[in-house]
Amino acid sequence: MQNNFSDIIAIILLTLRVSGSALLISVIIGISLGFFVALREFPGRKILIGLINTGMGLPPVVVGLLVMIVLWRAGPLGFLEWIYSPIAMIIAQVILATPIIAGLTLATIQQVPQKMIWQAKALGASGWNLLWLLIRETRLSLLAAVMAGFGGIISEVGAVMMVGGNIRGETRVMTTAIVLEAQKGNINFALILGGILLVLSFSVNFGLTLIQQKVKKS
Amino acid sequence: MKRFFAWLLLVLFLFSAPSISASKNLILATTTSTVDSGLLDVLIPLFEKQSGYKVKTIGVGSGMAMEMGKRGEADVLLVHSPKDEEKLVAEGFGINRKPVMHNDFVLLGPPNDPAGVGSFKSAKAAFGKIASSGVLFVSRGDKSGTHKKELSIWPAGTVLSNLWYLESGQGMGTTLMIASQKRAYTLSDRATYLSFKDKVRLVILSEGDKVLLNPYHVIEVNPAKFSKVNAEGGKAFSGFIVSASTQKVIAEFGKEKFGGVLFFPDAK
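Residues numbered from 1 in each chain as written. Chains lettered and ligands numbered in written order. Predicted model: local features only at pLDDT ≥ 70, side-chain atom pairs only at ≥ 80, totals over all residues. Heavy atoms only, no water.

Engineer: Just give me the short version of the interface of chain A and chain B, but keep the residues and values in it.
Structural biologist: Of the residues lining the interface, 31 residues belong to chain A; the matching set on chain B comes to 36 residues. Of the roughly 2,800 Å² buried between chain A and chain B, counting both surfaces, carbon and sulfur atoms make up 56%. In this structure, the connection of chain A to chain B is made through 4 salt bridges. Close ionic contact of Asp75(B) with Arg73(A) constitutes a salt bridge, the shortest N to O distance being 2.8 Å. Taken together, the connections running from chain A to chain B amount to 8 residue pairs in polar contact (both at pLDDT 80 or more). Taken together, the elements giving at least two residues each to the side of chain A that touches chain B come down to α1 (5-39), α9 (174-184) and α10 (187-217) of chain A. (Contact = heavy atoms within 4.5 Å. Buried area = accessible area lost by both parts, 1.4 Å probe. Salt bridge = Lys/Arg side-chain N within 4 Å of Asp/Glu carboxyl O. Polar contact = N/O pair within 3.5 Å; in protein donor to acceptor, adjacent residues only side chain to side chain. Helix = DSSP H or I, 4+ residues; strand = E, 2+ residues; numbered from the N terminus.)

In structure tokens:
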């Protein structure tokens, strides 16, 4: 009964929704942050870089715990009633993926030869033009950063379990469903879900890879 | 242009999650056993249909469920840890505690029963024999109702040495798997054991003792303490689960799937 087809479809859609939204937001924040830190000089820059690099390995359960405390009714953002909702899961995933994307973007941009930037500037590129040029030039590595961020959140279980509550039909995603089914002893069903998750992850990454490799040829 | 629409569609898909009016949300904090057994998958849709509330069922250990009640992070609790429940009510965090149903705990062990506890009628005596023989015992170790029950059974003065006493810190299902793999003893609620029977090499060695009864109560979180608690929703759920028709559903649950009743209705 709990293994029926429509349940699985709902779980897959929610997984794509939550991780997709989280990825989109993390990409926007992470890439902007990476560019900013790579190209600007400001006080505390080294500390910020250190923080971003630490953030690349944030323990998901700690993030989950903190997000849970903040979103709880008694917490500072409790009035929003976001706890145990997909939004809470998205927030946790954004916190996990943003540093990964920012850190890899930062490393990518810092590797661009300074000469190239000077040359572009000499040719009249400035501001947004320069930014666009850098994005085009480093697209291979930037897409790898996006894939790393996606990998971090689609496979994550501890944080989304805590802040989402694993509610059937509402906040149950692939990873938390697998944990639940394994706990129930439905090993076969857990394995099937695991297989679907791998296929899902492969499809998304393959799509990104196609974009990445297309860029390489042109 | 085509690409733009593709992106637009993607963004719409991502951010179109249905929103539900907040006051109709009801947070039910309960134990993993009621979720894992599938009972709530039957009861919650019935309640939602009758009342119009949207229930957020959070399945955690009884310890965590009670803590959520204490902090006003849940509206209603369905738990099985009587001593803590009485304390919760005495401290004013919970109100209207009502009996809902019970099942019972069983002492499980390897089929060859290396500690020789199978002959004891008293659960306490069986536990004492395990402790003195030093055969492995796997405890939940997570402050759940099952863990609390187990701790209350050990004869006074038993030293729970980690030479033979292992704490899994996980749910009942996982703990059964560990006990089976380690050829150890463990205490489980009957419902979870029945659903795992085919997957583990564990048999019932002691059952039926009065101390092994496992009663579930429904408790509303006190709205006088926490202004954000959904008092009406909590009351509605409490009334629903002790109603005659729901109690009948509980009594029938599991007959088809497990060939036996998992929970015995207790509400008067």
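Engineer: An account of the domain arrangement of chain B is requested, with residue identities and associated values reported.
Structural biologist: All names here are of chain B. Partitioning chain B into structural domains gives domain 1 (24-103 + 215-265) and domain 2 (104-212). Computed from C-alpha atoms alone, the centre-to-centre distance between domain 1 and domain 2 is 26 Å. Taken together, the contact between domain 1 and domain 2 spans 12 residues of the former and 13 residues of the latter. Together domain 1 and domain 2 conceal approximately 1,000 Å² of surface at their shared face, both sides included; 58% is due to carbon and sulfur atoms. On the domain 1 side of the interface with domain 2, the three residues burying the most area are His80, Asn103 and Phe258, jointly 39% of the side's total. Here domain 1 is connected to domain 2 by 1 salt bridge. Of the charged contacts, one joins Lys148 and Asp84 as a salt bridge, the two residues approaching to 2.5 Å between their closest N and O atoms. Counting the contacts that link domain 1 with domain 2 gives 2 residue pairs in polar contact (both at pLDDT 80 or more). (Domains from an automatic or database assignment.)

Engineer: So, the UniProt feature "domain: ABC transmembrane type-1" (unreviewed entry) in chain A: which residues are in play, and what are the values?
Structural biologist: When the UniProt feature table is mapped onto this chain numbering, "domain: ABC transmembrane type-1" (unreviewed entry) sits at residues 12-208 of chain A. The distance from the first to the last C-alpha atom of residues 12-208 of chain A is 19 Å, and the span holds 78% helix and 0% strand. (UniProt positions renumbered as here; feature names shortened; annotations may be inferred.)

Engineer: Tell me about α9(A), and name the residues and values.
Structural biologist: Residues and elements named next belong to chain A. For α9, the buried fraction is high: 8 of the 11 residues fall into the buried class. Turning to α9, its buried residues are Met174, Thr175, Thr176, Ala177, Leu180, Glu181, Gln183 and Lys184. Among the residues trailing α9, Gly185 stands out with phi positive, at a value near 90°. (Buried < 20%, exposed > 50% of the residue type's maximum accessible area, 1.4 Å probe, protein only.)

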